Amino acid sequence: MRTLDRRWWIAIAALAVFLISFWINLTHVRATLFHPDESRWINRAHYLTDLKNPLGIEWGDRYLLRGQPPVGSYVTAIGLLLQGQDTDTNQPFDFTKGNERNTVWEAGHNAIPTSADLVAARRTNAFIGATVAALMVVILAKITSLAGGVVGGFFVLMNELLHYLSSTALSDATLALVIVLATLVTIRLVEHPNWGKTLLLGILLGLGTGAKLSPIVLALGLGAIGVAFLLRPWLRKVPGLDRFIDHLAAGAEDRANRLAWMLMSLPAITVATFVLIYPYVWSAPYERTRILYDFRASEMASQSRIWPNLAVIGRIDAFHTLWDVFQRDYPTTGRFFDWVAGWSGLPALPNIDVVLAGFGLAWAVVNVLRRGVVTPLAFVFIIFGGQALAIVAGLRVDFNRYYLPIVLFVGLCIGYLAGEMYRWLVARVNSPAVVSESSGVSDSAHRLQGR
């Protein structure tokens, strides 16, 4: 009964975060300035109906099909159809003829979405962004306490980058949704390994790759972990590694053995899903997939040349850029402190997003080293952290729309810090018997994490 009660509290908290986030996102839908890329995403809504003829000329090699994979376009189309629109929309924006400040030529050539299409596509992302914030509550409640889930969920819903990307007709919110869904499936897979969950996770990662290409890195990383699990008996024979390897398995040797082949299969499932959902690559899967990745690399290089003030040179510069993004451009705790100062009259504290995230990440690393890697905690941070690192590794230009997965990672770290602090405080106040009931971690999670 206690487990059921806790699930209800998690559901209530997640629903509250969803409703607040959805309301905030909707208030921005008509106020957010038009971005030229919205024209292209709405134009590509016809990809969904083009699936009726996957071998047709609609999927021949051309600029827009090379420019972006299709899942964001499918989602845009579904959103349009659900709101009474159709997939016969505008022409794509031509950046050689204008930009967000100059749309005269575009307006005369049907390259600006109608108000109805634009609002419908934006509402779709408003719903998706709110769902992402709500699912952050669930994820954090599973690896720490409900208090941590609430803090993490509210951090994400308060972030202005989420507001922006949830009120524009782009595909970044779709990628974020795939990440949180894949994380929830990964938690269940680590708890109870089976091939059904493995297949579902691979499909989700394939859909993520079909949204923004980078989630293939997650599939490869998880596959590498599977190899490490498979090699664990041989790694134990390396002098000095045996105790460390045994410690990381933390009494979960059987699950590690079962997970090994399942994780190793994820890259193949991911690639197969990506190919299946994108008829453009059917005729030459390897060559056309390589074209997609090469095209994205050349596009980012071109963008850094066109906007040299936004160019990111090297990975050190990438981390400096991200510091500025979270300290100056999208300061969530800073906004909260400003609100408190306005309400109370007290001086506002400085933004501490990165500092709190650093403490949360350090705490998580310590707990993973204590409890082992065959735990939901470890894999949640692997998924979120891996996606964030993939963005840092590939970052060549400072465009804010690339950063939403990093917002989620920062929210995860801060939520985990808050959740563990809450559990620590409960442990200080209550007896051990009471702590185990009120710590916010289910009995199964206690066993899995080696408590």
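Use the structure listed above.
None of these values were measured; they are calculated from a predicted model.

### Re the side chain of Ser-39
Looking at the secondary structure, you find Ser-39 in helix H2 (residues 36–43). Using a relative accessible area of 0% as the deciding quantity, one classes Ser-39 as buried. The residues contacting Ser-39, other than those within four sequence positions of it, are Phe-34, Asn-90, Gln-91, Pro-92, Phe-93, Ala-111 and Pro-113.

### Things to note about helix H10 (residues 172–191)
The first and last C-alpha atoms of H10 sit 29 Å apart over 20 residues, in line with the 28 Å expected at 1.5 Å per residue. Counting buried positions along H10 yields 18 of 20 residues, so the element is predominantly enclosed.

### Points about the environment of Ala-228
Within the secondary structure, Ala-228 sits in helix H12 (residues 216–230). On the accessibility criterion, Ala-228 (35% relative accessible area) is partly exposed. As a C-alpha pair, Ala-228 and Ala-418 span 190 residues in sequence and 32 Å in three-dimensional space.

### Some remarks on the pattern of salt bridges
The tally for this structure, following the rule as stated, stands at 10 salt bridges. The salt bridge involving Arg-122 is made with Glu-38; its shortest N-O contact spans 2.8 Å. Here Glu-38 lies in helix H2 and Arg-122 lies in helix H7 (residues 115–143), a separation of 84 residues in the sequence. Here Arg-423 ties to Glu-420 by a salt bridge, and the two come within 3.1 Å at their closest N and O atoms. A residue pair is termed a helical-turn pair when its members lie 3 or 4 positions apart in one helix, as Arg-423 and Glu-420 do in helix H21 (residues 404–429) at three residues. Arg-423 sits in the buried class, given a relative accessible area of 13%.

### Observations regarding unusual backbone geometry
Trans is the prevailing form of peptide bonds, just as negative phi is the prevailing case for residues other than glycine. Of note, the phi angle at Asn-110 is positive, near 55°, even though the residue is not glycine. Within the fold, Asn-110 resides in the loop between helix H6 (104–108) and H7. Owing to a relative accessible area of 42%, Asn-110 belongs among the partly exposed residues under this scheme.

### Quick word on H7
For H7, which comprises 29 residues, the first-to-last C-alpha distance of 43 Å matches the rise-based estimate of 42 Å (1.5 Å per residue) to within 8%. The buried fraction of H7 is high, at 24 of 29 residues.

### Quick word on the side chain of Lys-212
Checked against the element boundaries, Lys-212 lands in helix H11 (residues 195–212). Leave out the neighbours within four places in its chain, and Lys-212 touches Gln-68, Pro-69, Ser-171, Asp-172 and Leu-175.

### Some words on the packing of aromatic side chains
Per the counting criterion, the structure on display carries 18 aromatic pairs. An angle of 80° between the planes, with centres 5.5 Å apart, marks the rings of Phe-18 and Phe-127 as edge-to-face. Highlighted residues: Phe-18 in helix H1 (residues 2–29) and Phe-127 in helix H7, separated in sequence by 109 residues. Taking the relative accessible area as the measure of exposure, Phe-18 reaches 15% and is therefore buried. Judged by relative accessible area, Phe-127 falls into the partly exposed class, the value being 44%. Between Phe-22 and Phe-127, the ring centres sit 6.0 Å apart and the planes meet at 85°, which makes this aromatic pair edge-to-face.

How each quantity is defined
- Residues numbered from 1 in each chain as written.
- Predicted model: local features only at pLDDT ≥ 70, side-chain atom pairs only at ≥ 80, totals over all residues.
- Heavy atoms only, no water.
- Helix = DSSP H or I, 4+ residues; strand = E, 2+ residues; numbered from the N terminus.
- Buried < 20%, exposed > 50% of the residue type's maximum accessible area, 1.4 Å probe, protein only.
- Contact = heavy atoms within 4.5 Å.
- Expected span 1.5 Å × (residues − 1).
- Salt bridge = Lys/Arg side-chain N within 4 Å of Asp/Glu carboxyl O.
- Phe/Tyr/Trp six-rings, centres within 6.5 Å; stacked < 30°, edge-to-face > 60°.

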